[in-house]
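In case you want the letters, here they are:
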Amino acid sequence: MSKKKKKDTEVTTAGRHPEKQFGAVNPPVVRASTIAFPTVADMDKAKAKPFDSVYYGRHGTPTTFAFEEAVAKLEGGYRAIACSSGLAAINVVLTALLSTGDHVLMTDSVYDPARRTCEVWLKRLGIETTFYDPRIGAGIAALIRPNTKVVFTESPGSLTFEVQDIPAIVAAAHARGVIVVLDNTWATPVYFQPFAHGVDISIQAATKYITGHSDVMLGAITTSEEIYLRVKRHAAILGASASPDDCSLGSRGLRTLAVRLERHAATGIRLAEWLKTRSEVARVIHPALPGSPDHALWKRDFTGTSGLFSVVLKPCSKDALAAFLDHLELFAMGFSWGGFESLILPVDPTPYRTAVPWKAEGPMVRIHAGLEDPDDLLADLDAGFERLRNAG
Ligand SMILES: Cc1ncc(COP(=O)(O)O)c(C=O)c1O
């Protein structure tokens, strides 16, 4: 039974050790702050390897370790580090790898709060950021300086969903000894294998698809063997750890991740195809749609699509947009995504794009296709468009 398994099998088995937990098939919740040691020798042993055994609550309990083991296996990396949120994971990675005088290359399409980390916090520490065109590919080589330590990627990017040529970026960065980090939240390890594509660190906002029910904040950093201790020590110092309860929900979410994603994907494609035909829509931004600018790259590197995409509407008034959005029955307006429910959010990337200024025909909405019946979702959007038209 040692042959590498398919993803559907891996998500249902990774990180599970029923024989060590009274036969319970999923890791039970072990909560702890104090860990009591019977002898000085036991304490010294744990102290010598604080990340390999239960040592102090903040460093994790068996529930944390099970979630970390599962994520690392799925991503294809060495070990994972559970964090209190996806943003905590991003900030741990950036501050673990960068010091005063260093330079980081950050994709222009990065999740906005990570941009703010660069512009505010890293700047204060004397770390310089260059935001780059997410479609730069091998051209990233020209932006690498002697003090560049990290290339941060997110593919597809937030709001605008540009697919990055990760292998080309990795080749250019590694040729100069630069670490490549990927925010792999959109695809999850089910649809994009970060380490097989050469990245050194993969980040998951497990808040989204991994936990999958919009009721948990959780992040995970998976690293190569070479980098693990550097990042783990830093995460421990920052105290950015996740609670065992949330890690337990992360492990539980993994078991259904692959089947949920299939439905998110199918409904997302159905909505996107339908939206493309609407007279109110200027364009649909969804890399899995044939004909979209990043489709070829997506097809080369990804094995599936999630249910998050954007739609640029034709120009309309603010009131007409509100008429469309305000009375939707099934689509809620909210910032997070990846849960069971459908979402729609008016978004404007303009303030968050500096390398490639955002240009669009009209207002934009980001859609998350949930697990409801797609016919009902289409009817909801259809009624919304009627309100938009009536509002003028
Ligand atoms: C791509 C991406 N990365 C990271 C994050 C941050 O995750 P969290 O909300 O768990 O802090 C988000 C949140 O929306 C996201 O969309």
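Residues numbered from 1 in each chain as written. Predicted model: local features only at pLDDT ≥ 70, side-chain atom pairs only at ≥ 80, totals over all residues. Heavy atoms only, no water.

Novice: Explanation requested: the sheet that holds strand β2 (residues 103–107) in the structure shown.
Specialist: The strands making up a sheet are joined through hydrogen bonds of the backbone, oriented either antiparallel or parallel. With mixed pairing, the seven strands of this open sheet are ordered in space as β1-β7-β6-β5-β4-β2-β3. A single partner strand is all that each edge strand has here, and the edge strands are β1 (79–83) and β3 (128–132). Neighbour-to-neighbour, the strand axes of this sheet turn through a mean angle of 20°, independent of strand direction. Of the strands in this sheet, β1, β6 (201–205) and β7 (219–223) touch helix α3 (residues 62–75), which is tilted by about 125° from β1. With respect to the sheet, helix α4 (residues 86–97) is in contact with β1, β2, β4 (148–154), β5 (179–183), β6 and β7, its orientation differing from that of β6 by roughly 155°. (Pairing = 2+ DSSP bridges. Helix = DSSP H or I, 4+ residues; strand = E, 2+ residues; numbered from the N terminus. Axes fitted to C-alpha atoms, helices over the stretch in contact; angles between N-to-C directions. Contact = heavy atoms within 4.5 Å.)

Novice: Explanation requested: the packing of aromatic side chains in the structure shown.
Specialist: Ring pairs (aromatic) are described by centroid distance and by the angle formed between their planes. One pass over the structure, following the stated rule, counts seven aromatic pairs. Centroid distance F192 to F302: 4.8 Å. Interplanar angle 40°. Geometry classified as tilted. Of the two residues, F192 sits in the loop between α7 (188–191) and β6 while F302 sits in the loop between α10 (295–301) and β9 (308–313), which places them 110 residues apart along the sequence. An identical accessibility class is assigned to F192 and F302; each is buried. Plain terms: the ring middles of F324 and F385 are 4.7 Å apart, the flat faces sit at 10° to each other, and that makes the pair stacked. Of this pair, F324 sits in helix α11 (residues 318–326) while F385 is found in helix α12 (residues 374–391), placing the two residues 61 residues apart along the sequence. For F324, a relative accessible area of 1% translates into the label buried. (Phe/Tyr/Trp six-rings, centres within 6.5 Å; stacked < 30°, edge-to-face > 60°. Buried < 20%, exposed > 50% of the residue type's maximum accessible area, 1.4 Å probe, protein only.)

Novice: How do you make sense of the site of the ligand when you look at a structure like this?
Specialist: The environment of the ligand is made up of 14 residues, and the closest members are G86, L87, D183, T207 and K208. Contact between the ligand and D183: a nitrogen atom at 2.7 Å from a side-chain N or O atom of the residue. Here an oxygen atom of the ligand sits 3.0 Å away from a polar atom, N or O, in the side chain of W337. If the ligand stood free it would expose 390 Å²; the protein chains cover 92% of that surface. Here the element with the most residues in the shell around the ligand is α4; it accounts for three residues. Residues belonging to the shell around the ligand are distributed by class as follows: six nonpolar, five polar and three charged. (Near = heavy atom within 4 Å. Polar contact = N/O pair within 3.5 Å; in protein donor to acceptor, adjacent residues only side chain to side chain. Areas by Shrake-Rupley, 256 points an atom, 1.4 Å probe, with all protein chains shown as cover. Nonpolar A, V, L, I, M, F, W, Y, C, P; charged D, E, K, R; others polar.)

Novice: Which parts of the structure should I look at to understand the sheet that holds strand β11 (residues 364–368)?
Specialist: Across the sheet, four strands lie side by side as β8-β9-β11-β10; this open sheet has antiparallel pairing. The two strands at the open ends of the sheet, each matched to only one other strand, are β8 (281–285) and β10 (343–347). For this sheet, the mean inter-axis angle between neighbouring strands, taken without regard to orientation, is 25°. Here β8 runs beside β9; their pairing, made up of four bridges, is antiparallel. When the sheet's bridge partners are listed, V281 is paired in β9 with L313. In the packing of helix α9 (residues 244–276) onto the sheet, contacts are made with β8, β9 and β11, and the angle to β9 comes to roughly 10°. Strands in contact with α11 are β9, β10 and β11; relative to β10, the strand with the most contacts, it is inclined by about 165°.

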